[in-house]
Every structure is written in C-alpha cells, then in structure tokens.
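# Inside the fold
Chain residues, written in single-letter form:
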Amino acid sequence: EPLKYFEALPDNPLQLIRPDPAHHRKLEIVARNVKHLHYIDTAVAVVAVVGKFHSGKSFLLNQMMGKSEGFGIGPSVRPQTMGIWMWGKPMKMELPSGQPLSIVFLDTEGFAANNISETYDAKIFSVATLLSSYLIYNSVKIIDQGDIDYLELLARRTQLFALRSQITKSRWFDEFNHDLLKFPPLVWVSVYRRPPLFKTSGNKDTH
C-alpha cells in the first residue's frame with residue numbers, strides 16, 4: 001500500500017550522503033536512508049540548496065517548507081552536520097495538469113569551511129546538481145565576484161566528474177547519457193542578513 005508507506009515516512013531530516021570519517025575527502029551513501037525514496041509513488045522534483053558555510057541554507061529551506069522547526073540551525077563556527085541531508089517526508093502538490101508531485105528538499109554541507117578542500121566542495125556540489133530538478137545557490141548580502149568565480153569552479157568540476165563517469169560507463173555498457181552533462185535551472189538567492197542562530201529540533205548545523 002504505497003499511501004500507507006508514504007504517510008509513515010519520517011517528518012525529519014535524514015542524511016543521504018556523508019563524508020568518509022577518516023579523511024573527509026570521499027562521499028559515502030547512507031543506504032538505510034536512501035531506501036525511503038522507494039516509497040514515493042508519484043513524480044518527484046528535487047530542490048537542493050547549496051552555498052557557503054553559514055550562508056543561511058537551512059533557514060531558507062525551513063521557510064520554503066513552512067516549518068519553524070526543520071533543518072537545524074545553530075551558532076557553531078564550523079559545520080557539524082556533514083554531507084547532504086533530505087527532509088524525510090516530501091511535500092505533496094498537484095501540477096496544473098492534475099498530476100500529483102512530490103517535492104524532495106535537500107540541504108547540503110556549506111562550502112569554504114576550514115580545512116575542507118575545493119575538491120570536496122566540488123563533490124558535494126556535483127551530487128546536489130546531478131540529483132536536483134532545481135538548484136538554489138544561497139549567499140549573504142551582495143553577490144560578489146568571488147562567489148561567481150567559486151560557483152564557476154564548482155560547475156566546471158561537476159561537468160568533469162560527470163564526463164569522466166559517463167566515459168568510464170560507456171566503455172563497459174556502450175551507452176552515454178548526455179543528460180548528466182546538463183545543469184538544472186539555477187536560482188541565486190541573496191539574503192540581506194544572516195538568519196538568527198538558534199537551535200531547532202532538526203539535524204545539526206549544515207551552514
């Protein structure tokens with residue numbers, strides 16, 4: 001009974017991707033949480049928010065979901081929650097055509113944190129981009145040249161990762177998926193001030 005399983009999905013954040021605990025360089029899939037996606041029986045749209053460390057990504061997602069207590073936000077000077085998290089229960093809506101749609105929201109580890117390499121940031125950006133139907137880049141106050149340059153760097157590395165993956169796959173399966181080389185629509189959101197830094201009952205700080 002798909003509806004029964006859907007209603008039983010947890011209404012809280014779940015970690016989908018985590019960094020390897022030893023070196024914080026590679027990404028690992030959290031299989032026990034990915035399995036929840038199999039219970040969604042409608043079309044799916046994925047909305048991911050990316051951006052620099054402490055730019056207000058979790059706060060923005062909570063506003064989009066209409067939740068006062070959702071993805072956690074906190075006062076830490078360094079990221080506490082790592083990798084990529086999703087909200088366990090998708091938001092249901094209906095398209096103008098009448099087709100039901102489930103929206104999955106993804107929160108990501110912030111870029112440019114201390115002791116984290118650009119290569120690691122690029123991996124987080126790549127996975128979020130490849131999973132997303134819509135990608136939101138969140139920043140604080142003005143959009144400066146440094147933000148634009150860093151986003152361009154991450155985008156180029158994402159294309160290289162996708163291209164390398166497809167070339168390797170085509171050697172074995174004689175197929176090439178050009179769609180993986182395309183980017184989803186990007187929306188850049190610049191907030192005038194940082195959100196208040198307080199704890200909520202969701203996951204730990206991802207900014």
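A brief look at the structure comes next. (Residues numbered from 1 in each chain as written. Predicted model: local features only at pLDDT ≥ 70, side-chain atom pairs only at ≥ 80, totals over all residues. Heavy atoms only, no water.)

With that settled, consider the overall build of the protein. Counting secondary structure elements, the protein contains five helices and eight strands. Counting the 207 residues in the protein, one finds 43% classified as buried. The contacts in the protein between residues at least 6 apart in sequence include a share of 75% that link residues at least 24 apart. Just so you have it, the protein exposes about 11600 Å², and 56% of that area is on carbon and sulfur atoms. (Helix = DSSP H or I, 4+ residues; strand = E, 2+ residues; numbered from the N terminus. Buried < 20%, exposed > 50% of the residue type's maximum accessible area, 1.4 Å probe, protein only. Contact = heavy atoms within 4.5 Å. Areas by Shrake-Rupley, 256 points an atom, 1.4 Å probe, with all protein chains shown as cover.)

Turning our eyes to something else, we now look at the pattern of salt bridges. Tallying each qualifying case throughout the model produces four salt bridges. The partner of Glu28 in a salt bridge is Arg18, and the shortest N-O contact between them spans 3.3 Å. With Glu28 in strand S2 (residues 27-29) and Arg18 in strand S1 (residues 13-19), this pair connects stretches of sequence that are 10 residues apart. The exposure class of Glu28 is partly exposed, given its relative accessible area of 28%. Linking Lys52 and Asp147 is a salt bridge whose minimum nitrogen-to-oxygen distance equals 3.3 Å. One end of the pair, Lys52, is in the loop between strand S3 (43-51) and helix H3 (57-65); the other, Asp147, is in helix H5 (residues 145-173), with 95 residues separating them in the sequence. (Salt bridge = Lys/Arg side-chain N within 4 Å of Asp/Glu carboxyl O.)

This part is about unusual backbone geometry. Peptide bonds are mostly trans, and most non-glycine residues show a negative phi. Backbone geometry at His54 places phi at a positive 60 degrees, although glycine is not the residue there. Position of His54 among the secondary structure elements: in the loop between S3 and H3. Here Asn115, not a glycine, exhibits a phi torsion of approximately 65 degrees, which is positive. Tracing the backbone through its elements, the reader meets Asn115 in the loop between strand S6 (100-108) and helix H4 (118-131).

For the rest of this paragraph, the subject is H4. Because each turn of an α-helix spans 3.6 residues, side chains separated by three or four positions end up pointing in the same direction. The end-to-end C-alpha distance of H4 is 20 Å, a good match for the 20 Å that 14 residues give at a rise of 1.5 Å each. Among the residues of H4, Tyr120, Asp121, Ala122, Ile124, Phe125, Ser126, Ala128 and Thr129 are the ones counted as buried. (Expected span 1.5 Å × (residues − 1).)

Further remarks concern empty space enclosed by the protein. The full count for this structure, using the stated rule, is one cavity of 30 Å³ or more. Around the largest cavity, the lining residues are Leu9, His36, Leu37, Ile40, Met86, Trp87, Gly88, Pro90 and Val104. Its residues assigned to classes, the lining of the largest cavity shows seven nonpolar, two polar and no charged. (1 Å grid on protein atoms, 1.4 Å probe; cavity = no way out; pocket = protein on both sides within 12 Å on 5 of 7 lines; lining within 4 Å. Points joined across faces, edges and corners; volume = space filled by probe spheres on them. Nonpolar A, V, L, I, M, F, W, Y, C, P; charged D, E, K, R; others polar.)

Within the secondary structure, Thr129 sits in helix H4. Those residues in contact with Thr129, other than ones at most four positions away along the chain, are Leu135, Thr158, Phe183 and Pro184.

On to the packing of aromatic side chains, then. One pass over the full model with this rule turns up four aromatic pairs. Taken together, a centroid distance of 4.6 Å and an interplanar angle of 55 degrees make the contact between Tyr137 and Trp188 tilted. Of the two residues, Tyr137 is situated in strand S7 (residues 134-140) and Trp188 in strand S8 (residues 186-191); the sequence distance between them amounts to 51 residues. The exposure class of Tyr137 is buried, given its relative accessible area of 0%. With a relative accessible area of 24%, Trp188 lands in the partly exposed category. Among the aromatic side chains, those forming a connected cluster through ring pairs are Phe111, Phe125 and Tyr150. We note Lys52 situated over the ring of Tyr150; from NZ or CZ to the ring centre the distance is 6.0 Å. (Phe/Tyr/Trp six-rings, centres within 6.5 Å; stacked < 30°, edge-to-face > 60°. Lys NZ or Arg CZ within 6 Å of the ring centre and 35° of its normal.)

Right, let's talk about the pairing of strand S5 (residues 91-94) for a bit. Pairing geometry for S5 and S6, over four bridges, is antiparallel. Of the residues in S6, the one forming a bridge with Lys92 is Ser102. Counted between consecutive antiparallel strands, the loop separating S5 from S6 contains five residues, among which Gly98 sits at a positive phi close to 95 degrees. (Pairing = 2+ DSSP bridges.)

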